[in-house]
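Structural overview for review
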Amino acid sequence: MGRKVTLATCSLNQWALDFEGNLTRILKSIEIAKQRGAKYRLGPELEICGYGCADHFYESDTLLHCFQVLKSLLESPLTQDIICDVGMPVMHHNVRYNCRVIFLNKKILLIRPKMLLANYGNNREFRWFSPWSRPRHVEEYFLPRMIQDVTGQTTVAFGDGVLSTKDTCIGSEICAELWNPRSPHVDMGLDGIEIFTNSSASYHELRKADHRVNLVKSATTKSGGIYLFANQKGCDGDRLYYDGCAMIAINGDIVARGAQFSLKDVEVVTATLDLEDVRSYRGERCHPHMEYEHKPYQRIKTDFSLSDCDDRYLPTHQPVEWIFHTPEEEISLGPACWLWDYLRRSGQAGFLLPLSGGVDSSSTACIVYSMCVQICRAVKDGNSQVLEDVQRVVSDSSYRPEDPRELCGRLFTTCYMASENSSEDTRNRAKDLAAQIGSNHLNINIDMAVKGMLGIFSMVTGKWPQFRANGGSARENLALQNVQARIRMILAYLFAQLYLWAQGKPGGLLVLGSANVDESLTGYFTKYDCSSADINPIGGVSKMDLKCFLQYCVKRFHLAALISILDAPPTAELEPLTDGKIVQTDEADMGMTYSELSVIGRLRKISKCGPYSMFCKLIHSWKETFSPSQVATKVKHFFRMYSINRHKMTTVTPSYHAENYSPDDNRFDLRPFLYNTQWRWQFRLLTWENRMERFKVRQSN
């Protein structure tokens, strides 16, 4: 009858500028799609070159290599008898566009440029691309000679067109166009297009997946239709982790879905659907011929069918329930997958972490352990790529990981760096956790190095600084804390470079950081201390979420050592102990709790609040706890701390992006790092508001 179609979408772990690897993964996805009977294959955004090429998009080499890969795809036998939809940059009339290239049997059918660019959060597409600003307009594009030689075509259609097969009509969206209030699928649906495709590079943030799924469902609930969503997955060379979630929907229901977090480099999702279901849905719910007034889409016709004549016995996919991960599960899975991609692609032999026995470094350690759990599971499930990568990382071609603790011992070194200010409690907590996850654990004492550094200073100046507890000034106290923290960073890199060498093993270790997003907000860390590392898996996660994550790890991984870590007050342990007990705590040093910081951080970044706007919001949300004058004091204190320490963010360790209030200076949070820290005009308004509040109270009395 010719009414049922089998369609494929995919998630690919592409890597920026890895043209050979990207080509291999694209071809593999096409091969799988064909094996499952699909006649249309959709891939992620900019999959040929990788989404994260950044300023490499300016280079003509990037465009050249993309066309070379496209040529290989066109020539491959695997791409025959299936419509292939791939992503790459294309320059047209000297303007660079983010495009979909749709081809069939060595013929390019349509090049569709992106019309609505992503220019928020971590996205800077306007820096490299221009939007196609002519809706429903198609013009000629002159192909490079290398492509002409394969296709026999001189020009092809370029623009906002749709693809018309013998049995249906297909229209493209690209990533942010789904999120935009003027999504193209609205007009396409009213013009009779039945299948919508969306190729994305949508990165992971905590609690984001449901928004993405709801948008896809909504796109086909309004006017019916089939929607294919493809997405990048993995770390393509930056702070971002693309979390997959490829899916297929029809008439408001998800009927097929891929994993959100997975170590598979290639994941293909297919579904068989009945076009008549779309037509009957639209026939009852909407009347496009009455509502559509725009110029119709130009249909690029192709002599090809997605359906077969005899398909009456072909079963169709039914709706599935999407079970979303909890934030704790997301922290366990996303950063772990990101770490694995970084490790296997960096050429290093493992990780080294300064493990203090506190919440932050313990969270980083648990993420590494979760990575080992996922690796062992992937190998058990027959993932040959993961097995090959593990064997290369550990330099053992016969190795097969089965136990996460044993694998952790091969990949992960932890070290407790004690000083005279360290307590036995934290030493034991670090030791117990290391034993339970199986890391190779070291105990290092840094007192000799600290005294050596202070001895050099004393030799030059004749002065020996003292802690505040011993009568020293605030400047002396801070300098003595900082020298301990910075020596720990130096030792971490020394051991990372030479520890395996000392054991007669090849390779070096990547140093992991463990500063959370809230500490970065206030700058509550030493510049170039042990929070300075190669990468930081928790730099985009709040302290409150990390505590919940550790509670999850107690149950999920049976790590009982985390219980005492959660019960202990957060402390840097950089000041002298009193009777062997800790007197310094993080929240006392910062002048606010981590819970308060989390609220302030979201107001600063997500709600775009300066001091005055933040004060106006907090006097209502905190009215049961603080008076307006107390709120004003906290707001002033935060902005002073934030502005004094903002310079630290220019050198902060590259961190996994997980929170939409991250203060990452290098990409996500573009703000000055030299402020007038007195905020005279802004703070004056807060003072005036307090006076008015006190006046109102007196009047009411």
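Residues numbered from 1 in each chain as written. Predicted model: local features only at pLDDT ≥ 70, side-chain atom pairs only at ≥ 80, totals over all residues. Heavy atoms only, no water.

Short version of the rule: UniProt positions are given in the numbering used here, feature names are shortened, and annotations may be inferred rather than shown by experiment.
Looking at an unreviewed UniProt entry, one finds the chain named Glutamine-dependent NAD(+) synthetase and attributed to Sinocyclocheilus rhinocerous. What the UniProt record of the chain gives under Catalytic activity (unreviewed entry) is the line "deamido-NAD(+) + L-glutamine + ATP + H2O = L-glutamate + AMP + diphosphate + NAD(+) + H(+)". Heading Subunit (unreviewed entry) of the UniProt record for the chain holds this comment: "Homohexamer."

Comments concerning the overall build of the chain
Threshold: Here a helix means four or more residues in a row that DSSP labels H or I, a strand means two or more in a row labelled E, and each is numbered from the N terminus. For a compact globule the rule gives 2.2 Å times the number of residues to the power 0.38, and the radius of gyration it is set against comes from C-alpha atoms. Relative accessibility thresholds used throughout: buried, under 20% of the residue-type maximum; exposed, over 50%; partly exposed, between the two (1.4 Å probe, protein chains only). Only heavy atoms matter for contacts: two residues are in contact if any of them lie within 4.5 Å across the pair. Accessibility throughout is a Shrake-Rupley quantity obtained with a 1.4 Å probe, and a residue counts as covered only by protein chains that appear here. The positive count covers Lys and Arg only, the negative count covers Asp and Glu only, and His and the chain ends enter neither. In this description, the location of a charge corresponds to atom NZ of lysine, CZ of arginine, CG of aspartate or CD of glutamate.
Within the chain, the regular secondary structure consists of 24 helices and 20 strands. Relative to a compact globule of 701 residues, whose C-alpha radius of gyration would be 27 Å, the chain shows 28 Å and is just as compact. Seen along its three principal axes, the alpha-carbon backbone of the chain occupies a region of about 90 × 80 × 45 Å. Each of the 701 residues in the chain was classed as buried or not, and the buried ones make up 59%. Taking all contacts inside the chain whose residues are at least 6 apart in sequence as the whole, residues at least 24 apart take part in 74%. On the chain, roughly 29100 Å² of surface is accessible, and the fraction owed to carbon and sulfur atoms is 52%. Computed over 81 positive and 79 negative side-chain charges, the inter-centroid distance for the chain is 4 Å.

Examining the UniProt feature "domain: CN hydrolase" (unreviewed entry) in the chain
Residues annotated by UniProt as "domain: CN hydrolase" (unreviewed entry) correspond here to residues 5-275. What you have in residues 5-275 is 25% helix and 34% strand, and the ends, taken at the C-alpha atoms, are 7 Å apart.

A short note on helix α15 (residues 447-461)
Note the threshold: Multiplying one less than the number of residues by 1.5 Å gives the expected span of a helix. The reported arc concerns the directions from the helix axis to the C-beta atoms and nothing else.
If you check α15, its first and last C-alpha atoms are 21 Å apart, about what 15 residues at 1.5 Å a residue would give, namely 21 Å. The set of residues buried in α15 consists of D447, V450 and L454. One side of α15 holds all its buried residues, which, seen down the axis, span an arc of 65 degrees. When the buried face of α15 is taken as reference, the exposed residues oriented beyond 90 degrees from it are M448, I456, M459 and V460. Turning to α15, the residues buried within the fold contact β18 (412-418), β19 (440-445) and α16 (474-502). At the exit of α15 stands G462, carrying a positive phi of roughly 75 degrees.

Some thoughts on the domain arrangement of the chain
Short version of the rule: Domains are outlined according to an automatic or database domain assignment. The term buried area denotes the loss of accessible surface (1.4 Å probe radius) that occurs when two parts are joined, taken as the sum for both partners. Here, a salt bridge means any Lys or Arg side-chain nitrogen found within 4 Å of an Asp or Glu carboxyl oxygen. Identification of polar contacts relies on pairs of N or O atoms within 3.5 Å, with a donor-acceptor requirement for protein atoms, meaning one able to donate a hydrogen and the other able to accept it, and with residues adjacent in sequence counted only if both atoms are side-chain atoms.
Here the chain is described as being made up of domain 1 (4-313), domain 2 (327-445 + 489-584) and domain 3 (591-700). Domain 2 and domain 3 are separated by 31 Å when their C-alpha centres are compared. Each partner contributes to the interface: domain 2 provides 29 residues, whereas domain 3 provides 24 residues. In total, about 2300 Å² of surface goes out of reach between domain 2 and domain 3, with carbon and sulfur atoms giving 65% of it. Three residues, L521, T522 and K527, lead the burial of domain 2 against domain 3; their summed loss comes to 29% of the area buried on that side. Summed over the shared surface of domain 2 and domain 3, the result is zero salt bridges. On inspection of domain 2 and its partner domain 3, the count reaches 10 residue pairs in polar contact (both at pLDDT 80 or more).

Let's talk about the pairing of strand β14 (residues 253-257)
Note the cut-off: Pairs of strands are assigned from DSSP output, requiring at least two bridges between the strands.
Bridge count for strand β13 (residues 247-250) against β14 is four bridges, and the pairing is antiparallel. Looking at β14, one finds that A249 is bridged to I254. As consecutive antiparallel partners, β13 and β14 are separated by two residues, and within that stretch N251 has a phi angle of approximately 50 degrees, a positive value.

With respect to the sheet that holds β18
The strands making up a sheet associate through hydrogen bonds between their backbones, and the pairing can be parallel or antiparallel. Spatial strand order, β19-β18-β17-β20: four strands in an open sheet with parallel pairing. Sheet topology places β19 and β20 (510-511) at the edges, where each strand pairs with a single neighbour. Where strand β17 (residues 351-354) and β18 come together, four bridges link them in parallel fashion. Within β18, the position partnered with F351 by the bridge is F412.

Structural notes on the pattern of salt bridges
One pass over the structure, following the stated rule, counts 36 salt bridges. Note that K71 and E75 form a salt bridge whose closest N and O atoms lie 3.0 Å from each other. Here K71 and its partner E75 are both found in helix α2 (residues 60-75), four residues apart, which amounts to about one turn of the helix. Residue classification places E75 among the partly exposed positions, given a relative accessible area of 39%. D160 is the salt-bridge partner of R112, the closest N and O atoms lying 3.9 Å from each other. Of this pair, R112 sits in strand β5 (residues 107-113) while D160 sits in the loop between β7 (155-159) and β8 (162-164), and the two are 48 residues apart along the sequence. By relative accessible area, which is 0% here, R112 ends up buried. Look at the salt bridges and you will find they share partners, linking D265, D341, R344, D389 and R392 into a network.

Description of the side chain of R100
Among the structural elements, R100 can be located in strand β4 (residues 95-104). Using a relative accessible area of 1% as the deciding quantity, one classes R100 as buried. Only 3.0 Å separates the side chain of R100 from the backbone oxygen of G43, close enough to count as a polar contact.

A word on the environment of Q678
On the secondary structure map, Q678 appears in the loop between α23 (628-645) and α24 (680-700). Linking Q678 and W501, residues 177 residues apart in sequence, is a C-alpha distance of 51 Å. Within the structure, Q678 has its side chain in polar contact with the side chain of R680 (distance 2.5 Å).

A short note on unusual backbone geometry
Glycine aside, the phi torsion of most residues is negative, and most peptide linkages are trans. Located in the positive-phi region is N105, a residue other than glycine, with phi close to 50 degrees. Of note, N105 is situated in the loop between β4 and β5. In the Ramachandran plot, S395 falls in the positive-phi region, its phi being about 55 degrees despite a non-glycine side chain.

Description of the packing of helix α10 (residues 327-346) against helix α11 (residues 359-380)
For the record, the criterion: To obtain each axis, a line is fitted to C-alpha atoms, and for helices this fit is confined to the stretch in contact; angles are then taken between N-to-C directions over 0 to 180 degrees. Any angle that is under 35 degrees is reported as roughly parallel, and any over 145 degrees as roughly antiparallel; angles of 65 to 115 degrees are reported as roughly perpendicular and all others as oblique. Classes in brief: Ala, Val, Leu, Ile, Met, Phe, Trp, Tyr, Cys and Pro nonpolar; Asp, Glu, Lys and Arg charged; the others, Gly included, polar.
Two elements in contact, α10 and α11, have axes separated by 8 Å at closest approach and are oriented at 75 degrees. Classified by the angle their axes make, α10 and α11 are roughly perpendicular. Contact residues: I331, S332, L333, P335, A336, C337, L339, W340 and L343 in α10; I367, V368, S370, M371, Q374 and I375 in α11. Considered class by class, the residues forming the contact of α10 with α11 number 12 nonpolar, three polar and no charged.

Re the state of the cysteines
The line we're drawing: In plain terms, two cysteine sulfur atoms within 2.5 Å form what is called a disulfide here.
Considering all chains together, one arrives at zero disulfides under this definition. Considering cysteine sulfurs only, C49 is the nearest to C66, which forms no disulfide, with 4.0 Å between them. No disulfide involves C408; its nearest neighbouring cysteine sulfur is the one of C372, lying 4.3 Å away. On the accessibility criterion, C408 (0% relative accessible area) is buried.

Points about the packing of aromatic side chains
Here is the rule: Within 6.5 Å between ring centres, the rings of Phe, Tyr and Trp (the latter by its six-membered ring) count as paired, and their orientation is classed by plane angle as stacked under 30 degrees, edge-to-face over 60, tilted in between. A positively charged side chain is recorded as over a ring if its NZ (Lys) or CZ (Arg) lies within 6 Å of the ring centre. The angle to the ring normal must also be within 35 degrees.
A complete count under the given rule lists 23 aromatic pairs for this structure. For the pair W679 and F683, a centre-to-centre distance of 6.3 Å together with 20 degrees between the ring planes defines the contact as stacked. Owing to a relative accessible area of 6%, F683 belongs among the buried residues under this scheme. Directly above the ring of W322 sits R257, whose terminal nitrogen or CZ lies 3.9 Å from the centroid.

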